[in-house]
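Topology and contacts: notes
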2 protein chains.
Amino acid sequence: MKFSEEKNLSFMQMALDQAQLAQADGEVPIGCLIVDNQTSEIIATGFNEREQTQDAIKHAEIIAIEKACQKVGSWRLEHTSLYVTLEPCPMCAGAIINSRIEEVIFGAYDPKAGSVGSINNLFEEKRYNHHPDFLGGMLADDSASLLQNFFREIRRKK
Amino acid sequence: MKFSEEKNLSFMQMALDQAQLAQADGEVPIGCLIVDNQTSEIIATGFNEREQTQDAIKHAEIIAIEKACQKVGSWRLEHTSLYVTLEPCPMCAGAIINSRIEEVIFGAYDPKAGSVGSINNLFEEKRYNHHPDFLGGMLADDSASLLQNFFREIRRKK
């Protein structure tokens, strides 16, 4: 990992803040942050916007990756660390591989679609051409609570 | 498969036309088409735009899926068939799963990143919540020739 645990926790807290912005919009609360790990600069943030946009691609990670590419002026996001509150799905794990992000720190594991340890681990697939470092479970209880409360509230309203 | 072989070949030819549009822009020639398989209407097209946009997400399939979501007004692309000239990478295979596309017909196999048979097969992963039908190898020689000529030309110019 590129940063100290304290620094990682602080960045993951910012990803959780992004997740709360998603929730405020009625979206499943998932948030993401991309940091330049040489300068500690926050390059991009994103939160889940799938329902509002009705666009299947608009997961937190994809939004942050597109913003980061725009900011850096390149599809290669070398020397970056991505923080996300939920384990990436296969689309987002693939987007992380494609954009050459160096490391990924995620919160809660996702038994339904998680592709960095739960269902499979695309980052460990040797035949892909990039293999991000990864660490799962950071502030996982906070991330999972956000998600559980969100779905509980939805069931209550029904 | 939802269409006759003749119809499939005709849609794949249109995906190849999209790939040639990519090539004309100096992009790796990969093209995609999404069709409503109840009405045969072409809902969206896309071609690889990664270099021009310098955006890691801008693969042919992602561009077509985003256009299709916009056209249909929903992130759920049920009753659609996706044609793409090259086997989807993990990001695009994941996007196809996330958008509930019913079936995928692809051209050439991709030993470097193909995730629908070459390296793994994400469409056959039982624990994901959607499993598109798929057929690989359609007009594969045409697709592979386009790619080979493109890379040969690049090496020649260097």
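For clarity, every value in this text was computed on a predicted model and none was experimentally measured.

1. As for the overall build of chain A
- Within chain A one finds five helices and five strands.
- The linear arrangement of helices and strands in chain A, starting from the amino end, is α-β-β-α-α-β-α-β-β-α.
- For a compact globule of 158 residues, the expected C-alpha radius of gyration is about 15 Å, and chain A comes in at 15 Å, within 12% of that figure.
- Projecting the C-alpha coordinates of chain A onto the three principal axes gives extents of approximately 45 × 35 × 30 Å.
- Considering only contacts in chain A between residues 6 or more positions apart, those separated by 24 or more positions represent 60%.
- Summed over its atoms, the accessible surface of chain A is roughly 6,900 Å², and 47% of this surface lies on carbon and sulfur atoms.
- For chain A, the distance from the average site of its 16 positive side-chain charges to the average site of its 23 negative ones is 5 Å.

2. Concerning helix α1 (residues 5-24) of chain B
Residues and elements named next belong to chain B.
- Between its first and last C-alpha atoms α1 spans 29 Å; for 20 residues at 1.5 Å apiece the expected length is 28 Å, and the two agree.
- Those residues of α1 lying buried are N8, F11, M12, A15, L16, Q18, A19 and A22. In an axial view of α1, the angular spread of the buried residues amounts to 155°, which keeps them on one side of the axis. Of the exposed residues in α1, the ones pointing more than 90 degrees away from its buried face are E6 and A24.
- Tucked into the core, α1 has its buried residues touching β1 (31-36), β2 (42-47), β3 (80-86), β4 (103-108) and α5 (140-157).

3. Topic: the pairing of strand β2 (residues 42-47) of chain A
Residue and element names in this part refer to chain A.
- In this sheet, β2 lies alongside strand β1 (residues 31-36) in antiparallel orientation, the contact comprising five bridges. Paired with L33 across the strands is T45, a residue of β2.
- The turn joining β1 and β2, which pair antiparallel and follow one another in sequence, is formed by five residues; a positive phi near 70° is taken by S40.

4. Quick look at the UniProt feature "active site" (unreviewed entry) in chain A
- The sites that UniProt annotates as "active site" (unreviewed entry) are E61 of chain A.
- For E61 of chain A, the residues in contact, after removing those within four places along its chain, are C32, L82, V84, L86, P88 and C92 of chain A.

5. Topic: the sheet that holds β1 of chain A
Residue and element names in this part refer to chain A.
- If you walk across this open sheet you meet the five strands as β2-β1-β3-β4-β5, and the pairing is mixed. Only two strands of the sheet have a single partner each, and these edge strands are β2 and β5 (133-135). On average, each strand axis in the sheet is tilted by 15° relative to the strand beside it, whichever way the strands run.
- Direction of pairing for strand β4 (residues 103-108) relative to β5: parallel, over a ladder of three bridges. Bridge pairing in β5 links V104 to F134.
- Across the sheet, helix α3 (residues 60-72) touches β1, β2 and β3 (80-86), and the angle it forms with β2 is around 150°.

6. Here's the deal with the packing of aromatic side chains
- According to the stated counting rule, one finds 10 aromatic pairs over all chains in the structure shown.
- Ring centres 5.3 Å apart and planes at 80° place the aromatic pair F150 of chain A and F151 of chain A in the edge-to-face group.
- Residue F150 of chain A is classed as buried on the basis of its relative accessible area of 8%.
- On the basis of relative accessibility, which here comes to 36%, the residue F151 of chain A falls in the partly exposed class.
- Among the aromatic residues, those joined into a cluster by ring pairs are F3, F11 and Y83 of chain A.
- Just above the ring of W75 of chain B sits the side chain of R50 of chain A; from NZ or CZ to the centre is 3.6 Å.

7. What to know about the sheet that holds β2 of chain B
Residue and element names in this part refer to chain B.
- One open sheet accounts for five strands, arranged β2-β1-β3-β4-β5; its pairing is mixed. Unpaired on one side and paired on the other, β2 and β5 (133-135) mark the two borders of the sheet. In this sheet, adjacent strand axes meet at a mean angle of 15° when their direction is disregarded.
- Packing against the sheet, α5 makes contact with β3 and β4, and its axis sits at approximately 55° to β4.

8. Topic: the relation of the copies chain A and chain B
- Overlay of chain A on chain B (RMSD 0.0 Å): rotation 180°, translation along the axis 0.0 Å. On the angle and the small slide along the axis, the relation comes out as a two-fold axis. By C-alpha distance to the rotation axis, the residue of chain A lying nearest is M91 of chain A, at 2.0 Å.
- When the interface residues of chain A are mapped onto chain B, 100% of them again fall at the interface, so both copies present the same face.

9. Digging into the nonpolar core
- If you look at the biggest cluster of nonpolar residues, it comprises 71 residues, and the most contacted ones within it are I65 and L82 of chain A together with I65 and L82 of chain B.
- When neighbours within four sequence positions are excluded, L82 of chain A is seen to be in contact with C32, L33, I34, E61, I65, I96, I101, E103, V104 and I105 of chain A.

10. Digging into the packing of helix α1 (residues 5-24) of chain A against helix α5 (residues 140-157) of chain A
All names here are of chain A.
- Between α1 and α5, whose axes approach to 11 Å, the crossing angle comes to 5°. The angle between α1 and α5 places the two elements in the roughly parallel class. Of the residues in α5, those in contact with L16, A19, Q20 and Q23 of α1 are D142, S143, L146 and F150.
- For the contact of α1 with α5, a count of residues per class yields four nonpolar, three polar and one charged.

Scoring rules and cut-offs
- Per chain, residue numbering runs from 1 following the sequence as it is written.
- By the order in which they are written, chains take letters starting at A while ligands take numbers starting at 1.
- Owing to the predicted nature of the model, reporting of local features is limited to residues with pLDDT of at least 70; listing and counting of side-chain atom pairs is limited to 80 or more, with chain, interface and lining totals taken over all residues.
- Side-chain descriptors were evaluated using all non-hydrogen atoms of the structure, hydrogens and water having been removed beforehand.
- The helix count covers DSSP runs of H or I at least four residues long, the strand count covers runs of E at least two residues long, and both are numbered beginning at the N terminus.
- We compute the radius of gyration from the C-alpha atoms alone; for a globule the expected value is 2.2 Å times N to the 0.38, where N is the number of residues.
- Residue contacts are counted whenever heavy atoms from the two residues lie within 4.5 Å of one another.
- For the area figures, the Shrake-Rupley method with a 1.4 Å probe applies, and any residue is considered shielded solely by the protein chains shown.
- Only four residue types enter the charge count: Lys and Arg as positive, Asp and Glu as negative, with His and the chain ends excluded.
- For this purpose, a charge sits on NZ of Lys, CZ of Arg, CG of Asp or CD of Glu.
- The span expected for a helix works out to 1.5 Å for each residue beyond the first.
- The buried label goes to any residue with under 20% of its type's maximum accessible area, the exposed label to any with over 50%, and the partly exposed label to all in between, with areas taken from a 1.4 Å probe on protein chains only.
- Note that the arc is computed from the directions linking the helix axis to the C-beta atoms.
- Strands were regarded as paired on the criterion that DSSP finds at least two bridges between them.
- UniProt positions are given in the numbering used here, feature names are shortened, and annotations may be inferred rather than shown by experiment.
- An axis is simply a line fitted to the C-alpha atoms; with a helix, the fit covers only the stretch in contact. Between two such axes, the angle follows the N-to-C directions and lies from 0 to 180 degrees.
- Centres within 6.5 Å are what make two rings of Phe, Tyr or Trp a pair, Trp counting through its six-membered ring; a difference in plane orientation under 30 degrees is then read as stacked, over 60 as edge-to-face, and the rest as tilted.
- Here, a charge over a ring means that NZ of Lys or CZ of Arg falls within 6 Å of the ring centre while also lying within 35 degrees of the ring normal.
- Superposing copies: least-squares fit, C-alpha atoms only, residues required to have pLDDT of at least 70 in both.
- Take the buried Ala, Val, Leu, Ile, Met, Phe, Trp, Tyr and Cys residues and link them wherever side-chain atoms come within 4.5 Å; each set so joined is a nonpolar core.
- Oblique is the label for any angle not under 35 degrees, not over 145, and not in the 65 to 115 range, which are roughly parallel, roughly antiparallel and roughly perpendicular in turn.
- Side-chain classes are defined by residue name, with Ala, Val, Leu, Ile, Met, Phe, Trp, Tyr, Cys and Pro counting as nonpolar, Asp, Glu, Lys and Arg as charged, and the others, Gly among them, as polar.

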